Amino acid sequence: MNKREYINQAEENLFHVYNRFPVVFEKGQGVHLYDTDGKEYLDFASGIGVMALGYGNERYKEALKNQIDNITHTSNLYYHLPMIEAAGKICNASGMDKVFFTNSGAEAIEGAIKTAKRYAYNRDGFAGHEIIAMGHSFHGRTVGSLSVTGNEHYREPFLPLMDGVKFAEFNNIESVKAQITDKTCAILLETVQGEGGIYPADKEFLAEIRDICTKSDILLILDEIQCGMGRTGSLYAYQQYGVQPDILTTAKALGSGVPVGAFLVTDKVASNSLVPGDHGTTYGGNPLVCAAVNVTMDIMEEDKIIQHVAELTPYLEEKLEDISSKYDFVSGHRGLGFMQGIVLNETVKPGEVVAAALEHGLVILSAGADVIRLLPPLVIEKNDIDEMSKLLMEVLDEFK
Ligand SMILES: *Cc1c(COP(=O)(O)O)cnc(C)c1O
């Protein structure tokens, strides 16, 4: 079948909840993707920040194949070896104490919300607590995670959502303070906002929030589902800010290609919140996905992937600076590490640039209303950055 036929067949049965780009991917190798016509693409999207190791890593494939030979699922009624190993690794690397594995980012957020509510309920003896979330935030599409997502367009059709959520302005400490009441149980934010348009938290803003939370026994929930797992040049972005959350959510690149997420908590939170019977998941953290977490973390450490991100970031930023200065309709760029946004003015729509880039064999993303988002695999090299920059300029030339 040709591409058009595949797409027609897909649309016969797939619930049309995505306006997909007209590409049928079949294979990936390294930092490249190949469609059913055999066309090659340079991937600067990583399947939305998931494929941190790129495609076809031999060690990764070997580990997953071995795990399939042993066992892929047990349920959470029993212990299994990959989870025991993954729990130790992720707690150790994040500075958190306890972990609960989920199947997705949204489920990690759900768990974080329930944990924060349970903590405040235990402390105060009554329910009805509030969560402060940020404008332009994104935390997922389930009802709970949508309730804390600061995007009216996503929320409106599904109202009423979870009660007790207040929104503050990201990087505006006064607006956060204005939302705090004696019912506030948690402040939730992305250390670097992703979908909302690549906005890194200001150092001072995050430090002040940490301070407020500590003083008032409010839990700080950092959502590092997109910015975590080495993308910003440290395993978690907060490690560059010198703050530690009370609850951390992680997913996307956690298993570099299998559905796995997690929420992690401090000992203090763990021993004063959820108890057996409060929460659960059938699949969450099964042996297959935990094997992926383990091998991902091993490869990241042994191949010094996070140092690689930190070392190569100035080069990527230099190229983005060149692009910004070359086009009138590009107003600048911002980001942290390999999580970068190119900001467009209103004359050019990011979605159109993304579509044109695909034609040129470059996979990129949009974010917010005016941002081209780059989330390359963490294993890109200088020549891949050169190639991206060349292709992207070819694309942007068409919009002049
Ligand atoms: C993607 C994302 C989520 C939701 O994760 P899913 O796996 O799609 O449910 C939550 N928070 C952030 C910051 C994200 O980028």
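Below: a short report on this structure. Predicted, not measured: the structure shown is a model, and the values here were computed from it.

**Side note on the pattern of salt bridges**
Then comes step 1: Within this structure, the stated rule accounts for 20 salt bridges.
Then comes step 2: When the shortest N-O distance is used, the salt bridge between Asp386 and Lys319 registers 3.5 Å. Note that Asp386 is positioned in helix α15 (residues 382–397) and Lys319 in helix α13 (residues 305–326), a separation of 67 residues in sequence.
Then comes step 3: The exposure class of Asp386 is partly exposed, given its relative accessible area of 31%.
Then comes step 4: Overall, the relative accessible area of 18% leaves Lys319 in the buried class.

**Concerning the nonpolar core**
Then comes step 1: Met134, Leu189, Ile209, Ile364 and Met388 are the most contacted members of the largest nonpolar core, which has 102 residues in total.
Then comes step 2: Split by domain, the residues of this core number at least three in each of domain 1 (3–56 + 305–397) and domain 2 (71–302).
Then comes step 3: Leaving out residues up to four positions away in the same chain, Ile209 has contacts with Met134, Ile173, Val176, Ile187, Leu189 and Leu220.
Then comes step 4: Of all hydrophobic cores here, the second largest spans 22 residues; its members include Ala116, Tyr119, Ala186 and Val269.

**Examining the site of the ligand**
Then comes step 1: Around the ligand, the structure places Ser104, Gly105, Ala106, Phe138, His139, Gly140, Glu190, Asp223, Ile225, Gln226 and Lys252.
Then comes step 2: Here a nitrogen atom of the ligand and a side-chain polar atom of Asp223 are 2.7 Å apart.
Then comes step 3: At 2.8 Å, a side-chain N or O of Gln226 approaches an oxygen atom of the ligand.
Then comes step 4: In isolation the ligand offers 380 Å² of accessible surface; the protein chains occlude 81% of this area.

**Concerning the packing of aromatic side chains**
Then comes step 1: Under the definition given, this model contains 6 aromatic pairs.
Then comes step 2: Each ring, one from Phe138 and one from Tyr154, has its centre 6.0 Å from the other, and the planes form 85°; the classification is edge-to-face. Taken as a pair, Phe138 in the loop between β5 (130–134) and α6 (143–147) and Tyr154 in helix α7 (residues 152–155) lie far apart in primary sequence, 16 residues in all.
Then comes step 3: Each ring, one from Tyr236 and one from Tyr238, has its centre 5.8 Å from the other, and the planes form 5°; the classification is stacked. Across this residue pair, the class does not change: Tyr236 and Tyr238 are buried.
Then comes step 4: Here Arg141 stacks its cationic end above the ring of Tyr154, 3.9 Å away from the centre of that ring.

**A word on helix α14 (residues 350–359)**
Then comes step 1: Those residues of α14 not exposed but buried are Pro350, Val353, Val354, Ala356, Ala357 and Leu358.
Then comes step 2: Immediately beyond the C-terminal end of α14, within one or two residues, lies Gly361, with a positive phi of roughly 80°.

**A closer look at the sheet that holds strand β12 (residues 261–265)**
Then comes step 1: Strand order in the open sheet formed by 7 strands is β4-β12-β11-β10-β7-β5-β6, with mixed pairing between adjacent strands. Since the sheet does not close on itself, it has two edges, and those belong to β4 (98–102) and β6 (165–168), each with one partner. Between one strand and the next, the sheet's axes are offset by a mean angle of 20°, whatever the strand orientation.
Then comes step 2: Where β5 and strand β7 (residues 184–190) come together, 3 bridges link them in parallel fashion. By the bridge assignment, Glu130 is partnered in β7 with Thr184.
Then comes step 3: Here helix α5 (residues 105–124) sits on the sheet in contact with β4, β5, β7, β10 (219–223), β11 (247–250) and β12, set at roughly 170° to β11.

**So, the sheet that holds strand β1 (residues 25–29)**
Then comes step 1: If you trace the 4 strands from one edge of the open sheet to the other, you get β1-β2-β3-β15, paired in mixed fashion. Of all strands in the sheet, those bounded by a partner on one side alone are β1 and β15 (362–363).
Then comes step 2: Sheet topology note: the strand β3 (residues 40–43)/β15 ladder contains 2 bridges and is parallel. Looking at β15, one finds that Asp43 is bridged to Val363.

**Concerning the environment of Gly242**
Then comes step 1: Within the fold, Gly242 resides in the loop between α10 (238–241) and β11.
Then comes step 2: Judged by relative accessible area, which is 70%, Gly242 ranks as exposed.
Then comes step 3: When the C-alpha positions of Gly242 and Val265 are compared, they lie 17 Å apart, and in sequence the two are 23 residues distant.

**What to know about α13**
Then comes step 1: If you check α13, its first and last C-alpha atoms are 31 Å apart, about what 22 residues at 1.5 Å a residue would give, namely 32 Å.
Then comes step 2: Approximately 40° is the largest bend angle found in α13, and it occurs at Leu312, with the proline Pro314 only one to four residues beyond.
Then comes step 3: Considered for burial, the residues of α13 that qualify are Ile305, Ile306, His308, Val309, Leu312, Thr313, Tyr315, Leu316, Lys319, Leu320, Ile323 and Ser324.
Then comes step 4: Those residues of α13 hidden inside the fold are in contact with α12 (287–302), β13 (330–336), β14 (339–344), β17 (371–374) and α15.

Definitions and cut-offs
- Residues numbered from 1 in each chain as written.
- Predicted model: local features only at pLDDT ≥ 70, side-chain atom pairs only at ≥ 80, totals over all residues.
- Heavy atoms only, no water.
- Salt bridge = Lys/Arg side-chain N within 4 Å of Asp/Glu carboxyl O.
- Helix = DSSP H or I, 4+ residues; strand = E, 2+ residues; numbered from the N terminus.
- Buried < 20%, exposed > 50% of the residue type's maximum accessible area, 1.4 Å probe, protein only.
- Core = buried A, V, L, I, M, F, W, Y, C linked by side-chain atoms within 4.5 Å.
- Domains from an automatic or database assignment.
- Contact = heavy atoms within 4.5 Å.
- Near = heavy atom within 4 Å.
- Polar contact = N/O pair within 3.5 Å; in protein donor to acceptor, adjacent residues only side chain to side chain.
- Areas by Shrake-Rupley, 256 points an atom, 1.4 Å probe, with all protein chains shown as cover.
- Phe/Tyr/Trp six-rings, centres within 6.5 Å; stacked < 30°, edge-to-face > 60°.
- Lys NZ or Arg CZ within 6 Å of the ring centre and 35° of its normal.
- Pairing = 2+ DSSP bridges.
- Axes fitted to C-alpha atoms, helices over the stretch in contact; angles between N-to-C directions.
- Expected span 1.5 Å × (residues − 1).
- Bend = angle between axes of the 7 residues up to and from the residue.

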